[in-house]
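Reading the structure
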Amino acid sequence: MLEVRALEKSYGAKQAVRGVSFTVEKGTVLGFLGPNGAGKSTTMRMIAGVLEPDAGDALIDGKSILSDRRAAQAALGYLPEGAPLYEDMTPPEFLRFLAEARALPRSQRAGAVDRSIADARISTVCHQRIGDLSKGYRRRVGLAGAILHDPPVLVLDEPTDGLDPNQKRAVRALIARMAPTKAIVISTHTLTEVPAMCHRAVLIDRGRIIADDTPAGLARRSEDGSLEGAFSRLTDQVEDETL
Amino acid sequence: MKDFLTRQMSGFSATYRRELAAYFATPMAYVFLAVFLLALGLFTWEAGRFFDTGVADLQPFFAWHPWLYMIFLPALAMRLWADERASGTDELLLSLPIGIPGLVLGKLLAAWTVAAAGLVLTAPMWVSVNFLGDPDNTAIALTYFVSLLMAGAYLSIGAAVSSLTGSQVAAFVISVVIAFVFTAAGWPLVLSTVQSLFGTGFADLVARFSFITQFEGAQRGVLELRAVAYFLGFTATFVYLNCLWASRQRLG
C-alpha cells in the first residue's frame, strides 16, 4: 500500500505541490485528476523517488522514499510521463536491462521478462527496436517495465495518453486484472475513463487536493451529474477564490 | 562497509552492459573507431614522420595521443548523460533502486572500453615496428597502459560535463575546452608564455597539472608512479563531480 504524507515541492518561487496527502490500499485504483500544471506529475515523481520533496514523505509498502529509498523503489512500479524508453533496444533487451538493474535473482529474470511481455501484450513486437514502435506499443513496453518485478504499488503517469480507443481498452483491461493485488495510482485527464477504471478519484489543483471521493460521488457535486461538470466546477472555483 | 559499497554500486553491471551495447547498436562506436584510427594513422605518418626518425619505436605515434584524445574522447562521452536527459530516460533511471555511483562508473567504463578497443586496434603499428627493427616492447606496453589511463581521465571530463546539460553539442564543446586547458598547459608554447609572465616557479606548477607533462615519462617507456596516481586521481575527481551533478537532478 501507498501512503503519501504532506508532500511539498517548489520550483524557485512557484509552489508546485503544497501539502498533498492520501492513502491507497491494496485493491484500490486511484485516479489522480487535475488540470495541466496542477502538480500531478511532480507529486508522482516525488513518490517514485525521482524528485526530492521539500517536505513530507511517501511510504511505499511501509518503506520511506526518503530514509529507505532503494527498498521503497524496489516495491514500486513507475511509468513516467510520456513513457521514456531506450530507443536503440528491443523490448526484451530493455526488460532484461531493468531486471538486472533491479537486481532480480538471476533465476527469476527470464520468467519475469516473459510474464511482463505476456501481460502487456507486446510479444508481437519483440524483434523490433523500441524506436520503431507505434505510440501505443511504446506505452505498453513502458507498462511492461513498470510491472516487471511484480511490485505491490504502481504509479502510472498518464498510461493511456495518446492511445487509440482499442489500445486504451487494452491498457484498462490490464490495470483491471492487476487491481485486486496492488495499490495503483493513475493520473489522467481523460475523465470518461475514470468511472470505468478507478475506485476513487482525487482531484488536485494548484498543488492542493480539492476533492477525494468515489468517481460517482465526485460527479454528484456538479449540477448536471457528470464528472466533467464536477471537474470544471471544482477547478474553476479555486480559480475564482484566487482572483 | 561492504553493504554500503554494494548498495552504491548496484546497477553498475546493468548500466555498463547497456551503455556498451548502445555504442554498438548505433553507428556511434564504429564511426568513432574508424575516424580515430584514421586520424591517428594520418598524424603518425604524415605529421609525425614515422619513417623519417630512423628509429624503430612508437614515439611519433604516442606523441599524438593527448591531442587526439582531447577531441575524440569528449565526442565519445558526450551522449552518456545528455542523451538520457534529452529523451527523458533519466527519470526512469532515477526511479530504479540503484546507486548513482554505480551508474556513473558503469557509463564511464563503457566509454573507456570503446576507447580501449581503439587502442587495441592500433596493434598493427606495434607489430610493424617489430618488423622494422628491434623496439623495447616492455616500454611500448607500458606507454599503452599509461595512455589508457590518460584516456580515462579525458573521458571522465566528458562524462561529468555531459551530466550538466541536456545538449550533447554543449557537452562536447565544454568538455573539449576543459580538456584543452589540461592538455595545453604542458605545451612549450603555452609554458614559455606563462614563464615570461609569472616566472619559472608558476610555470612549473602549471606544467605539473598538464596531461602532456604527465604523459612524457611514459612516452619514454618509464613507469612513473606519480603519473599513474595523477591520472587515476584526476579520473576519481571527475567521477566524484559526475556523481554530484547527476544526483542534483533529484533536487528538481
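What counts and what doesn't
Residues numbered from 1 in each chain as written. Chains lettered and ligands numbered in written order. Predicted model: local features only at pLDDT ≥ 70, side-chain atom pairs only at ≥ 80, totals over all residues. Helix = DSSP H or I, 4+ residues; strand = E, 2+ residues; numbered from the N terminus. Rg over C-alpha atoms; globule rule 2.2 N^0.38 Å. Buried ≥ 20, exposed ≤ 12 C-beta atoms within 10 Å, placed from the backbone. Contact = placed C-beta atoms within 7 Å. pLDDT = per-residue confidence, 0-100. Pairing = 2+ DSSP bridges. Axes fitted to C-alpha atoms, helices over the stretch in contact; angles between N-to-C directions. Parallel < 35°, antiparallel > 145°, perpendicular 65-115°, else oblique. Left-handed = near helix turned anticlockwise from the far one by under 90°. Nonpolar A, V, L, I, M, F, W, Y, C, P; charged D, E, K, R; others polar. Domains from an automatic or database assignment. Core = buried A, V, L, I, M, F, W, Y, C linked by C-beta atoms within 7 Å.

As for the overall build of chain B
Along its length, chain B carries 15 helices and zero strands. Taken over C-alpha atoms, the radius of gyration comes to 19 Å for chain B, in line with the 18 Å a tight globule of 252 residues would show. Dimensions of chain B, computed from C-alpha atoms along their principal axes, come out at roughly 60 × 45 × 40 Å. Scored against the burial criterion, the 252 residues of chain B give a buried share of 44%. The contacts in chain B between residues at least 6 apart in sequence include a share of 81% that link residues at least 24 apart.

Quick look at the overall build of chain A
Secondary structure assignment for chain A yields nine helices and ten strands. Burial status across chain A gives 46% buried among its 243 residues. Residue pairs in contact within chain A that sit at least 24 positions apart in sequence constitute 65% of those at least 6 positions apart.

Quick word on the confidence of the model for chain B
Residues and elements named next belong to chain B. On average, residues of chain B carry a pLDDT of 89, and 96% of them reach 70 or more. Summarising per-element confidence for chain B, the mean pLDDT is lowest in helix 13 (residues 200–208) (80) and highest in helix 8 (residues 100–120) (96). Reported confidences for the modelled complex are a pTM of 0.90 and an ipTM of 0.91.

Details of the interface of chain B and chain A
Listed per partner, the contact involves 22 residues of chain B and 22 residues of chain A. Breaking the side of chain B that touches chain A down by element, the ones donating at least two residues are helix 2 (12–25) and helix 7 (89–94) of chain B. Ranked by the residues each element gives to the side of chain B that touches chain A, the list is headed by helix 2 of chain B, at five residues.

Concerning the sheet that holds strand 5 (residues 63–64) of chain A
Residue and element names in this part refer to chain A. Here we have four strands laid out as an open sheet, ordered 2-1-4-5, and antiparallel in their pairing. The open sheet terminates on both sides in strands that have one partner only, identified here as strand 2 (14–24) and strand 5. Packing against the sheet, helix 1 (residues 40–47) makes contact with strand 1 (2–11), strand 2 and strand 4 (55–60), and its axis sits at approximately 120 degrees to strand 1.

A closer look at the packing of helix 10 (residues 137–162) of chain B against helix 15 (residues 225–247) of chain B
Residue and element names in this part refer to chain B. Contact geometry of helix 10 with helix 15 gives a least axis separation of 8 Å together with a crossing angle of 20 degrees. The angle between helix 10 and helix 15 falls in the class roughly parallel. In the crossing of helix 10 with helix 15, the sense of the turn from one axis to the other is left-handed. Seen from helix 10, the contacting residues are V146, L149, M150, G152, A153, S156, I157, A159 and A160; seen from helix 15, they are A227, V228, F231, L232, F234, T235, F238, V239, L241, N242 and W245. Of the residues in the contact of helix 10 with helix 15, the class split is 16 nonpolar, four polar and no charged.

A look at the sheet that holds strand 8 (residues 183–187) of chain A
All names here are of chain A. Spatially, the six strands line up as an open sheet ordered 6-7-8-3-9-10, and their pairing is mixed. The two strands at the open ends of the sheet, each matched to only one other strand, are strand 6 (76–79) and strand 10 (208–213). Mean inter-strand twist for the sheet, computed between neighbouring axes without regard to direction, equals 15 degrees. Across five bridges, strand 9 (residues 200–205) lies against strand 10 in antiparallel orientation.

Quick word on the domain arrangement of chain A
All names here are of chain A. Looking at chain A, the domain boundaries give domain 1 (2–75 + 153–242) and domain 2 (86–150). Between the C-alpha centres of domain 1 and domain 2 the distance comes to 25 Å. Between domain 1 and domain 2, the contact holds twelve residues from the first and ten residues from the second. Of all the elements in the fold, those that place two or more residues in the side of domain 1 that touches domain 2 are strand 7 (153–157) and helix 6 (165–178).

Quick word on helix 1 (residues 2–9) of chain B
The buried fraction of helix 1 of chain B amounts to zero of the eight residues, a small share that puts the element mostly on the outside. Positive phi shows up at G11 of chain B, right after helix 1 of chain B, with a value of about 90 degrees.

Comments concerning the nonpolar core
With 135 residues, the main nonpolar core has V155 of chain A together with A111, M150, Y154 and L155 of chain B as its most contacted residues. It is helix 10 of chain B that contributes the most residues to this core, eleven residues altogether. The two domains that each donate at least three residues to this core are domain 1 (2–75 + 153–242) and domain 2 (86–150) of chain A. By size, the runner-up hydrophobic cluster in this structure holds five residues, among which are L58, F61, F62 and I140 of chain B.

Details of the environment of A25 of chain B
Residues and elements named next belong to chain B. When you line up the elements, A25 lands in helix 2. Residue classification places A25 among the partly exposed residues on the basis of 17 C-beta atoms within 10 Å. Sequence separation between A25 and I71 is 46 residues; the distance between their C-alpha atoms is 23 Å.

Focus: unusual backbone geometry
Residues and elements named next belong to chain A. Phi at D61 is positive, roughly 55 degrees, even though this residue is not glycine. Using a count of 17 C-beta atoms within 10 Å as the deciding quantity, one classes D61 as partly exposed. Despite not being glycine, E158 has its phi angle at roughly 50 degrees, a positive value. Along the chain, E158 falls in the loop between strand 7 and helix 6. For E158, a count of 22 C-beta atoms within 10 Å puts it in the buried group.

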